[in-house]
Amino acid sequence: MKTMHLRPAVLLGAASALILGCGDRSPLGVPSQAPTPHSVLIGGPLAPTGLLTCQPLPYDSATQTIGPEGGTIQIGAYSLVIPAGALAAPTMITAVVASGPVNAVRFQPEGLQFEQTAYLTMSYANCDLLGSIAPKQIAYTTDALGILEYLLSADDLLAQRVTGELHHFSEYAIAW
């Protein structure tokens, strides 16, 4: 009689060990060298995986001087909000949206640091359906659009735009 009660417990224990042993591990226990998000808003399989593919936007550029009082730069379907106190002196800022398969924007002067967080909002209304349902973030990228870091971002699915926190100037693109 004891054998009948023990059999389900053994089967349950074996199944648990099998499930727990099926992880995606590096063969040598070496951590992945892939970029990690600055802040993971949604983890697991829904974490950002790459740049969003989009229909090319027309080339656009804007140049504006922003001072210590702050201001907003509108560049096509994107906007950069620089709060009061983020810049110590008036600074000429240029934003360029190049036409291509990725929604990206480059800011100059490159490397400009903000004293307070600035906010970049980028539209993805021109992007593919897969990207429109997956959570998005703004990614800090290389000139060749390699992802260096994911910015803390908020995705507005209904408005089809994402807003990220900027602390310095460089090139940014929408990732999912």
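Rules and cut-offs
Residues numbered from 1 in each chain as written. Predicted model: local features only at pLDDT ≥ 70, side-chain atom pairs only at ≥ 80, totals over all residues. Heavy atoms only, no water. pLDDT = per-residue confidence, 0-100. Contact = heavy atoms within 4.5 Å. Pairing = 2+ DSSP bridges. Helix = DSSP H or I, 4+ residues; strand = E, 2+ residues; numbered from the N terminus. Axes fitted to C-alpha atoms, helices over the stretch in contact; angles between N-to-C directions. Core = buried A, V, L, I, M, F, W, Y, C linked by side-chain atoms within 4.5 Å. Buried < 20%, exposed > 50% of the residue type's maximum accessible area, 1.4 Å probe, protein only. Salt bridge = Lys/Arg side-chain N within 4 Å of Asp/Glu carboxyl O. Phe/Tyr/Trp six-rings, centres within 6.5 Å; stacked < 30°, edge-to-face > 60°.

So, about the confidence of the model for the protein. The predicted model of the protein has a mean per-residue pLDDT of 78, with 70% of residues at 70 or higher. Ignoring residues within four places in sequence, the model shows residues 8-48, a span with pLDDT below 50, making 24 contacts including any to other chains.

A word on the sheet that holds strand E7 (residues 137-141). In space, the six strands of this open sheet follow the order E1-E4-E5-E11-E7-E8, with antiparallel pairing throughout. In this open sheet, the two edge strands, each paired with only one partner strand, are strand E1 (60-66) and strand E8 (147-150). Between one strand axis and the next, the sheet turns through 25° on average, direction left out of account. Pairing between strand E4 (residues 91-97) and strand E5 (residues 104-108): three bridges, direction antiparallel. Bridge pairing in E5 links Val96 to Arg106.

This part covers the nonpolar core. Counting 30 residues, the largest nonpolar core has Ile82, Val105, Phe107, Phe114, Leu120 and Leu166 as its most contacted members. Those elements that provide at least two residues to this core are E1, strand E2 (71-75), strand E3 (78-82), E4, E5, strand E6 (113-123), strand E10 (161-168) and strand E11 (171-175). Sorting elements by how many residues they give to this core places E6 first, with four residues. The contacts of Phe114, once residues within four sequence positions are left out, are Ile82, Ala86, Leu87, Leu166, His167, His168 and Phe169.

Scanning the entire structure with this criterion turns up four salt bridges. Across the pair Asp143 and Arg106 runs a salt bridge, and its minimum N-O distance is 2.0 Å. Highlighted residues: Asp143 in the loop between E7 and E8 and Arg106 in strand E5, separated in sequence by 37 residues. Exposure remark for Asp143: the relative accessible area of 60% places this residue in the exposed category. In this structure, Lys136 and Asp155 form a salt bridge, with 3.1 Å as the shortest nitrogen-oxygen distance. In this pair, Lys136 is assigned in the loop between helix H2 (129-133) and E7 and Asp155 in strand E9 (residues 153-156), connecting sequence segments 19 residues apart. Members of the salt-bridge network, linked through shared partners, are Arg106, Glu110, Asp143 and Glu171.

With that out of the way, let us pick up the sheet that holds E6. Spatially, E2-E3-E6-E10-E9 is the arrangement adopted by the five strands of the open sheet, whose pairing is antiparallel. What marks the edges here is a single partner per strand, and that holds for E2 and E9. Between one strand axis and the next, the sheet turns through 20° on average, direction left out of account. Alignment of E2 against E3, held across five bridges, turns out to be antiparallel. Looking at the pairing, Thr72 lines up with Val81 of E3.

The subject of this paragraph is the pairing of E3. Of all five residues in E3, four are buried; the element is thus mostly enclosed. Linking two consecutive strands that pair antiparallel, namely E2 and E3, is a turn of two residues; a positive phi of about 60° is found at Gly76 within it. Inspection of the sheet shows E3 paired to E6 by three bridges, in the antiparallel sense. Note on E6: the bridge partner recorded for Leu80 is Leu120.

The next subject is the environment of Phe169. Relative to the elements of secondary structure, Phe169 occurs in the loop between E10 and E11. Spatially, the C-alpha atom of Phe169 lies 9.6 Å from that of Ile93, the residues being 76 residues apart in sequence. In this structure Phe169 touches Leu80, Ile93, Phe107, Gln108, Pro109, Glu110, Gly111, Leu112 and Phe114, once residues within four positions along its chain are discounted.

Bringing the packing of aromatic side chains into the picture now. Summed over all chains, the structure comprises four aromatic pairs. Seen from their ring centres, Phe107 and Tyr172 are 6.4 Å apart, and the 55° between their planes marks the pair as tilted. Taken together, the residues Phe107 in strand E5 and Tyr172 in strand E11 connect sequence positions 65 residues apart. There is no split in this pair, since Phe107 and Tyr172 are both buried. Taking 5.9 Å as the distance between ring centres and 40° as the angle between the ring planes, the aromatic pair formed by Tyr140 and Tyr172 counts as tilted. Of this pair, Tyr140 sits in strand E7 while Tyr172 is found in strand E11, placing the two residues 32 residues apart along the sequence. Grouped by ring-pair contacts, the aromatic residues Phe107, Phe114, Tyr140, Phe169 and Tyr172 constitute a single cluster.

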